[in-house]
Amino acid sequence: MSDQLVQAMADLEEEKVLSLVQERLEAGDDPLSIVSDCREGMTIVGQRYESNEYYVSELIMAGEVFKVVVGQIGEKLGTDTEVKRGTVVLGTVEGDIHDIGKDIVVSLLQTGNYNVIDLGVDVPVEKFVEAVQENDAAVVGLSGLLTISFDSMKATVDALDAAGLRPGVKVMVGGGPVTDAVREYVGADAFGADAQAAVSLTTKWFEAKEVA
């Protein structure tokens, strides 16, 4: 059934994807395994986009289907009734309006029972600082798909530092062109190669009590 889910996701067969996810949830499969298969299907979607088999509309559709899957998993787990594991502020930085990757991270973290403050796209530096202060957030995620977003990421990290918040906050960055060299330039603690990596980083920081 794993291969079927990967293929259905790659082929953008929404009804089949949701049906297979439901079957696996009812069978007691690990939710993260289900998410992993969907991510694998989305990787194929990305490859088809690069080879001009798919277009932007297909990329957007894949992102929407993935969000529905994550919501379906969260509903099954009933995480809304549990005590939240910690607060994370996320947003696409100023000058960038791409949100598919960011939205997937938001959905995954919510399913993992984190309190997520989603600031949206084209977020000014000050808004990140205010959100951290007002919500006592321990983790900040900065997303960007354009190379021009790197300076905005750096400005945001610098602003957190200037506000005296940096010592108590872990910052992760992500997006297509983000590398470890970008992370170093920005001054972030880590970068996530994909949405699942962002969740793994967040979980590691909270479980290791590097943040509270």
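J.: Got a sec to walk through a negative patch on the surface? Specific residues and values, please.
T.: A cluster of acidic side chains, namely Glu94, Asp122, Glu126, Glu130 and Glu134, defines a negative patch on the protein surface. Assignment of secondary structure puts Glu94 in the loop between strand 1 (87-92) and helix 5 (100-111).

J.: Account for a nonpolar patch on the surface, naming residues and giving values.
T.: On the surface, Tyr49, Val56, Ile60 and Ile100 cluster together into a nonpolar patch covering about 320 Å² of accessible area. Positionally, Tyr49 belongs in helix 3 (residues 31-50).

J.: Quick one: what's the story with the packing of helix 5 against helix 9 (residues 195-207), residue by residue and with numbers?
T.: Across the interface, helix 5 lies against helix 9 with an axial gap of 9 Å and an inter-helix angle of 45°. Considering the angle they form, helix 5 stands oblique to helix 9. Classified by chirality, the crossing of helix 9 by helix 5 is right-handed. Contacts between helix 5 and helix 9 pair Ile104, Val105, Leu108 and Leu109 from the former with Ala195, Gln196, Ala198, Val199 and Thr202 from the latter. The residue inventory of the contact of helix 5 with helix 9, partitioned by class, reads seven nonpolar, two polar and no charged.

J.: Quick rundown of helix 3? Include the residues and the values.
T.: With 20 residues, helix 3 should cover 28 Å at 1.5 Å per step; its first-to-last C-alpha distance of 29 Å lies within 8% of that length. Looking only at helix 3, the buried set comprises Pro31, Ile34, Val35, Asp37, Cys38, Arg39, Gly41, Met42, Val45 and Arg48.

J.: Hey, could you go over the packing of aromatic side chains for me, with residue numbers and the actual values?
T.: For the structure on display, the rule yields one aromatic pair. Between Tyr114 and Phe206 the ring centres are 5.4 Å apart and the planes differ by 40°, which places this aromatic pair in the tilted class. Of the two residues, Tyr114 is situated in the loop between helix 5 and strand 2 (115-118) and Phe206 in helix 9; the sequence distance between them amounts to 92 residues. For the pair Tyr114 and Phe206, one class covers both residues: buried. Note that Lys154 overlies the ring of Tyr185, its terminal NZ or CZ placed 5.9 Å from the centroid.

J.: Can you break down the pattern of salt bridges residue by residue, with the values?
T.: Per the counting criterion, the structure on display carries 11 salt bridges. Asp103 serves as the salt-bridge partner of Lys67, at 3.4 Å between the closest nitrogen and oxygen. On the criterion of sequence distance, the pair formed by Lys67 in helix 4 (residues 56-77) and Asp103 in helix 5 is long-range, its members being 36 residues apart. With a relative accessible area of 24%, Lys67 lands in the partly exposed category. Because the salt bridges share partners, they merge into one network encompassing Glu64, Lys67, Lys102, Asp103 and Asp118.

Cut-offs and rules
In this convention, every chain numbers its residues from 1, walking through the sequence in written order. pLDDT decides what is reported in this predicted model: residues at 70 or higher carry local features, side-chain atom pairs at 80 or more are listed and counted, and totals for whole chains, interfaces and linings draw on all residues regardless. As a rule here, side-chain values cover all heavy atoms of the structure and leave hydrogens and water aside. Like-charged residues are merged into a patch within 9 Å and nonpolar side chains (Val, Leu, Ile, Met, Phe, Trp, Tyr) within 5 Å, provided each residue has over 30% relative accessible area and no salt bridge. Reported accessibility uses the Shrake-Rupley method at a 1.4 Å probe radius. Residues are deemed covered only where the shown protein chains occlude them. The working definition used for a salt bridge is a side-chain nitrogen of Lys or Arg within 4 Å of a carboxyl oxygen of Asp or Glu. For the purpose of charge, His is not counted, nor are the chain termini; Lys and Arg are scored as positive and Asp and Glu as negative. A charge is said to be at NZ when it belongs to Lys, at CZ for Arg, at CG for Asp and at CD for Glu. Note on conventions: DSSP H or I runs of at least 4 residues are helices, E runs of at least 2 residues are strands, and numbering of each starts at the N terminus. In this description, a line fitted to the C-alpha atoms serves as the axis of each element, helices being fitted only across the stretch in contact, and the angle between N-to-C directions of two axes falls anywhere from 0 to 180 degrees. Should an angle fall under 35 degrees it is taken as roughly parallel, and over 145 as roughly antiparallel, whereas 65 to 115 is taken as roughly perpendicular and any remaining angle as oblique. By convention, the crossing between two helices is left-handed when the near helix turns anticlockwise from the far helix through less than a right angle, and right-handed when the turn is clockwise. For this analysis, residues touch if any pair of their heavy atoms sits within 4.5 Å. Under the scheme applied here, ten amino acids are nonpolar (Ala, Val, Leu, Ile, Met, Phe, Trp, Tyr, Cys and Pro), four are charged (Asp, Glu, Lys and Arg), and all others, including Gly, are polar. Multiplying one less than the number of residues by 1.5 Å gives the expected span of a helix. Here's how the labels work: a residue is buried when its accessible area is under 20% of the maximum for its type, exposed when over 50%, partly exposed in between, all with a 1.4 Å probe on protein chains only. Two aromatic rings from Phe, Tyr or Trp, using only the six-membered ring of Trp, form a pair when their centres are within 6.5 Å; if the ring planes differ by under 30 degrees the pair is stacked, by over 60 it is edge-to-face, and anything between is tilted. Here, a charge over a ring means that NZ of Lys or CZ of Arg falls within 6 Å of the ring centre while also lying within 35 degrees of the ring normal.

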